[in-house]
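Understanding the architecture of this molecule
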Amino acid sequence: MLRDGSIIDGRYRLLETIGSGGMGSVWLAEKLSTYERFAIKFIHQHALGDDSYCARFSREVQMLRGLRHPNIVDVFDWSIPEPGRQPSAYVVM
């Protein structure tokens, strides 16, 4: 469960939720090693078992990574569910 102060993959500390929508929630987070602040979008936990939902999220991340424009966020990091790992899917913007 995501909550203020949670540490994500040993790299990011969640500070506060800043939005939510159809695919998931967006959090303000701080990178532990540099104290930089980012927005992190997580897909809903209930969707992690849905392969088509995860594929859609992965396509979104790949598309964002390929775009460069002042009005489009940059992608700095991401994670998709992997076998044998605690399920999480997020993109750091």
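Residues numbered from 1 in each chain as written. Predicted model: local features only at pLDDT ≥ 70, side-chain atom pairs only at ≥ 80, totals over all residues. Heavy atoms only, no water.

**Points about unusual backbone geometry**
Residue aspartate 9 is not a glycine yet carries a positive backbone phi of 50°. Among the structural elements, aspartate 9 can be located in the loop between strand 1 (7-8) and strand 2 (12-20). Exposure remark for aspartate 9: the relative accessible area of 36% places this residue in the partly exposed category. Residues other than glycine seldom take positive phi values, yet tyrosine 35 does so here, at roughly 65°. (Helix = DSSP H or I, 4+ residues; strand = E, 2+ residues; numbered from the N terminus. Buried < 20%, exposed > 50% of the residue type's maximum accessible area, 1.4 Å probe, protein only.)

**As for the nonpolar core**
Counting 13 residues, the largest nonpolar core has Met23, Ile43, Leu48, Tyr53, Phe57, Ala89 and Val91 as its most contacted members. With 5 residues, helix 1 (residues 51-65) is the single largest residue contributor to this core. Here tyrosine 53 is in contact with Gly22, Met23, Ile43, His44 and Ala47, once residues within four sequence places are set aside. (Core = buried A, V, L, I, M, F, W, Y, C linked by side-chain atoms within 4.5 Å. Contact = heavy atoms within 4.5 Å.)

**Here's the deal with a nonpolar patch on the surface**
Residues Leu67, Ile72 and Val73 make up a contiguous nonpolar surface patch of about 200 Å² in total accessible area. Relative to the helices and strands, valine 73 resides in the loop between helix 1 and strand 5 (77-79). (Patch = residues over 30% accessible without salt bridge, like charges linked within 9 Å, V, L, I, M, F, W, Y side chains within 5 Å. Areas by Shrake-Rupley, 256 points an atom, 1.4 Å probe, with all protein chains shown as cover. Salt bridge = Lys/Arg side-chain N within 4 Å of Asp/Glu carboxyl O.)

**Digging into the packing of aromatic side chains**
In this structure the tally under the stated criterion is 4 aromatic pairs. The interplanar angle of 85° and the centroid separation of 6.3 Å between the aromatic rings of tyrosine 12 and phenylalanine 38 together place this pair among those described as edge-to-face. Pair noted here: tyrosine 12 is in strand 2 and phenylalanine 38 is in strand 4 (residues 37-43), with a separation of 26 residues, a long-range link. Judged by relative accessible area, which is 11%, phenylalanine 38 ranks as buried. Each member of the aromatic cluster is reached from another via a ring pair, and the members are Tyr12, Phe38, Phe42, Phe76 and Tyr90. (Phe/Tyr/Trp six-rings, centres within 6.5 Å; stacked < 30°, edge-to-face > 60°.)

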